[in-house]
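Structural characterization, general
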Amino acid sequence: MKRLERYLNIFMIALVAAGLARCSHSDLWNELPDKISYFISQYFPNSELNSVTETSDSYHVRINKGAGLTFDKDGSWTVIDGYGLPLPQVLLFDQLPPKLYDYLQETEQLNEVFSMQRDKVRYTLTLLDSDLIYDIASEEISSPAGSDTPTARTQASYQAD
């Protein structure tokens, strides 16, 4: 009988611990500014947050079994990493410059974008077999040295537009 009581106590402790862990994950949403919460809900619906880290100049959010996102203090994304999973196409459509999105669509690489990063000068995309850089000022699409480059015909057509 004591053995059964002991197992029941262990089971109850495990249930309480699991409940507390689940609560702490849902509380992570409360740590985010509304703009960031909306962004994640829009592009990664029904996601459970694994962690939220706030620094003096950014927020880093890790989705449970999913992407990692970094936002600046204004709530704008700076890095989105799918951690081996392609990024949602609606995210690419809404968040990339039209010329860059059109290039990905024409070259049939929309399902091959695994991470994207942006700053004031450029967007950098990590694809399945290569990287792409989109220069904001010139609207040129290129690949860094050592990466497979877009075909000259396709790249030239996007630079000329």
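This is a predicted model, so every value here is computed, not measured.

Another aspect to go through is the nonpolar core. Soluble globular proteins: nonpolar side chains tend toward being buried together. Membership of the largest hydrophobic core comes to 34 residues, with the highest contact counts inside it found for Ile40, Phe44, Phe71, Ile80, Met116 and Leu125. Among residues more than four places away in sequence, those in contact with Ile80 are Phe39, Phe44, Gly68, Leu69, Leu87, Leu91, Phe114, Ser115 and Met116.

Bringing the packing of aromatic side chains into the picture now. Using the criterion set out here, one finds five aromatic pairs in the structure. Summarising the aromatic geometry, the rings of Phe39 and Phe71 are spaced 5.5 Å apart at their centres and angled 85 degrees between planes, so their arrangement reads as edge-to-face. With Phe39 in helix 2 (residues 34-43) and Phe71 in strand 3 (residues 68-72), the pair connects residues that are 32 residues apart, well separated along the chain. With a centroid separation of 6.1 Å and an interplanar angle of 70 degrees, the aromatic rings of Tyr123 and Tyr134 are classed as edge-to-face. Highlighted residues: Tyr123 in strand 6 (residues 122-127) and Tyr134 in strand 7 (residues 131-135), separated in sequence by eleven residues. By the burial criterion, Tyr123 is buried, and Tyr134 matches it. Among the aromatic residues, those joined into a cluster by ring pairs are Phe39, Tyr43 and Phe71. Here Arg62 stacks its cationic end above the ring of Tyr83, 3.8 Å away from the centre of that ring. Over the aromatic face of Tyr59 sits the side chain of Lys73, whose NZ or CZ is 4.4 Å from the ring centroid.

Calculation rules
- Residues numbered from 1 in each chain as written.
- Predicted model: local features only at pLDDT ≥ 70, side-chain atom pairs only at ≥ 80, totals over all residues.
- Heavy atoms only, no water.
- Core = buried A, V, L, I, M, F, W, Y, C linked by side-chain atoms within 4.5 Å.
- Buried < 20%, exposed > 50% of the residue type's maximum accessible area, 1.4 Å probe, protein only.
- Contact = heavy atoms within 4.5 Å.
- Phe/Tyr/Trp six-rings, centres within 6.5 Å; stacked < 30°, edge-to-face > 60°.
- Helix = DSSP H or I, 4+ residues; strand = E, 2+ residues; numbered from the N terminus.
- Lys NZ or Arg CZ within 6 Å of the ring centre and 35° of its normal.

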